Amino acid sequence: MAAGSTYTPITTTTLGSAQSSVTFSSFSGYTDLVIVCANLKNAVQQTPFMQFNSDTGTNYSSTWIAGNGSSASSSKLSNSSSGILIGDYNIGMSSTIPSTAIIQIQNYSNTTTYKSTLGRYNLTTTEVYAIAGLWRSTSAITSIALNAGGSSNWSSGATFTLYGILAA
Amino acid sequence: MANTYTLIEGKTLGSNIASVTFTSIPQTYTDLLVKISTRQTTAAVFGIVKLNVNSTSTNQTYRAIFGDGSSATSNNSTTIYVGPGVGANATANTFSNMELYLPNYTSTSIYKSISINGAGETNATEAYLNLTAGLKSENTAITSLQFICDGSDNYVTNSTFYLYGISNS
């Protein structure tokens, strides 16, 4: 990627208090999107997911490879209504040890293909993940919700930044 | 548009050298990104690239998934292995690739997480791919990054190291 004007910060949020979801809803004019989430910590053990356009249909799937420091594994989740997986249930369970998620969303505004994502998730003291996600919709993505999952909340201090990538 | 993906420093090696260090890293960005392309003098297909944050190897750990073209494994260590350095026994003219992302590197209140992807593809039986979570268990802001060839090995001429700053505003 060329240095300079194509990697544009669209919005950033640092949580001042715990909340269950962070939503990005204004990001037109780019080719791809990158989301960087840092210092993630769930209040209780739940699996976090990402949803597009408030769609709660069974239109999401995720396939991942994971390593816990002693063995590697791979699994998948099909026809999910919760969204695309963005980490494990115990993501960032420490207040001092940050976990990081970096998510790429390609061609998010096109109206002819389903939307694919590629994510890297580091639960630094427990597991490392790479997750391929799919949203089976030809609608342009106009909103992105990062949900802590279940009854959990993202904790205060977590940061969520959305970047826009322009192909030309 | 904002200029938020900024080259801080680039190094292209003109001779063999055992380590490459970025020092006095500006504290004016939100995150750091490092892109590396290396080949090294290791008498094997692959050697190892290691990372020291702030000039020391203390309080560092990593956890990774590896693929070698036939199986996947995972391990952890108190040394941060960045990735494979293509060695002297690998296919000629091939170099490995590594990318590191360091969010919130200026923070003085949290430990530092490092997301790493590394790969060595040489069109041979032996390959190497790693996805790594690194951790520096210190609250100190990151001011230097040192990439070390394992053992007495050296990076060879034309290896490249680029440090970028990412701003969120």
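Residues numbered from 1 in each chain as written. Chains lettered and ligands numbered in written order. Predicted model: local features only at pLDDT ≥ 70, side-chain atom pairs only at ≥ 80, totals over all residues.

Enquirer: When you look at the overall build of chain A in this model, what are you seeing that I'm missing?
Expert: Looking only at helices and strands, chain A has 0 helices and 12 strands in total. The linear arrangement of helices and strands in chain A, starting from the amino end, is β-β-β-β-β-β-β-β-β-β-β-β. Compactness check: chain A gives a C-alpha radius of gyration of 15 Å against a globular reference of 15 Å for 168 residues, within 12% of the reference. Principal-axis analysis of the C-alpha atoms gives chain A an extent of 40 × 35 × 30 Å. When each of the 168 residues of chain A is scored for burial, the buried share is 44%. (Helix = DSSP H or I, 4+ residues; strand = E, 2+ residues; numbered from the N terminus. Rg over C-alpha atoms; globule rule 2.2 N^0.38 Å. Buried ≥ 20, exposed ≤ 12 C-beta atoms within 10 Å, placed from the backbone.)

Enquirer: What am I meant to see in the overall build of chain B here?
Expert: Regarding its fold elements, chain B presents 0 helices and 12 strands. What you see in chain B, going N to C, is helices and strands ordered as β-β-β-β-β-β-β-β-β-β-β-β. A compact globule built from 169 residues would reach a C-alpha radius of gyration of about 15 Å, and chain B, at 16 Å, matches this within 12%. Projecting the C-alpha coordinates of chain B onto the three principal axes gives extents of approximately 45 × 35 × 35 Å. Here the contacts in chain B between residues at least 6 apart in sequence split such that 79% fall between residues at least 24 apart. (Contact = placed C-beta atoms within 7 Å.)

Enquirer: Looking at this structure, I do not really get the interface of chain B and chain A. What am I missing?
Expert: Interface size is often expressed as the accessible area that is lost when the parts come together. Chain B puts 31 residues into the contact, and the matching count from chain A is 32 residues. Residue classes in the side of chain B that touches chain A are distributed as 15 nonpolar, 14 polar and 2 charged. (Nonpolar A, V, L, I, M, F, W, Y, C, P; charged D, E, K, R; others polar.)

Enquirer: Please clarify how the nonpolar core should be interpreted in this entry.
Expert: Side chains that are nonpolar tend, in soluble globular proteins, to be buried together. Ranked by internal contacts, the top residues of the largest apolar core, which has 76 residues, are Leu-33, Cys-37 and Ile-86 of chain A together with Val-82 and Leu-100 of chain B. Per-element tally for this core: the top contributor is strand β3 (residues 32-38) of chain A, with 5 residues. When sequence neighbours within four positions are dropped, the list of residues in contact with Ile-86 of chain A reads Pro-48, Phe-49, Met-50, Ala-101, Ile-103, Gly-119, Tyr-121 and Leu-146 of chain A. Core analysis: the next-biggest nonpolar cluster, separate from the first, contains 5 residues, Val-45, Phe-46, Val-86 and Tyr-128 of chain B among them. (Core = buried A, V, L, I, M, F, W, Y, C linked by C-beta atoms within 7 Å.)

Enquirer: Help me understand the pairing of strand β4 (residues 49-52) of chain A, please; the structure alone is not making it clear to me.
Expert: All names here are of chain A. Burial of β4 is two-sided: the residues Phe-49 and Gln-51 facing one way and the residues Met-50 and Phe-52 facing the other way are all buried. Pairing of β4 with strand β7 (residues 84-85) involves 2 bridges; the strand directions are antiparallel. What sits directly across from Met-50, in β7, is Ile-84. Inspection of the sheet shows β4 paired to strand β11 (residues 144-147) by 4 bridges, in the antiparallel sense. The residue bridging Phe-49 from the neighbouring strand is Asn-147, located in β11. (Pairing = 2+ DSSP bridges.)

Enquirer: Is there a simple way to think about the sheet that holds strand β1 (residues 5-12) of chain B in this case?
Expert: Where strands meet in a sheet, backbone hydrogen bonds hold them as pairs that are either parallel or antiparallel. Residue and element names in this part refer to chain B. Strand order across the open sheet formed by 8 strands is β1-β12-β3-β8-β9-β10-β5-β6, with antiparallel pairing between neighbours. Sheet topology places β1 and β6 (72-77) at the edges, where each strand pairs with a single neighbour. Pairs of neighbouring strands in the sheet enclose a mean axial angle of 15 degrees, with direction left out of account. Sheet topology places strand β8 (residues 96-102) next to strand β9 (residues 112-120); 5 bridges connect them, and they run antiparallel. From the neighbouring strand, Met-98 faces β9, where its bridge partner is Gly-118. (Axes fitted to C-alpha atoms, helices over the stretch in contact; angles between N-to-C directions.)

Enquirer: Sorry, what's going on with the sheet that holds strand β1 (residues 7-14) of chain A here?
Expert: Residue and element names in this part refer to chain A. Spatially, β1-β12-β3-β8-β9-β10-β5-β6 is the arrangement adopted by the 8 strands of the open sheet, whose pairing is antiparallel. At either margin of the open sheet sits one strand with a lone partner, and together these are β1 and β6 (72-80). With direction set aside, neighbouring strand axes in the sheet form an average angle of 15 degrees. As paired elements, strand β8 (residues 100-105) and strand β9 (residues 115-123) share 6 bridges and run antiparallel to each other. Within β9, the residue paired with Ala-101 across the bridge is Tyr-121.

Enquirer: When you look at unusual backbone geometry in this model, what are you seeing that I'm missing?
Expert: Apart from glycine, the bulk of residues carry a negative phi angle, and the bulk of peptide bonds sit in the trans form. At Asn-53 of chain A, a residue that is not glycine, the phi angle is positive and equals roughly 50 degrees. Looking at where Asn-53 of chain A falls in the secondary structure, it is placed in the loop between β4 and β5 (60-67). Positioned with a positive phi, Asn-54 of chain B is a non-glycine residue whose angle comes to about 55 degrees.

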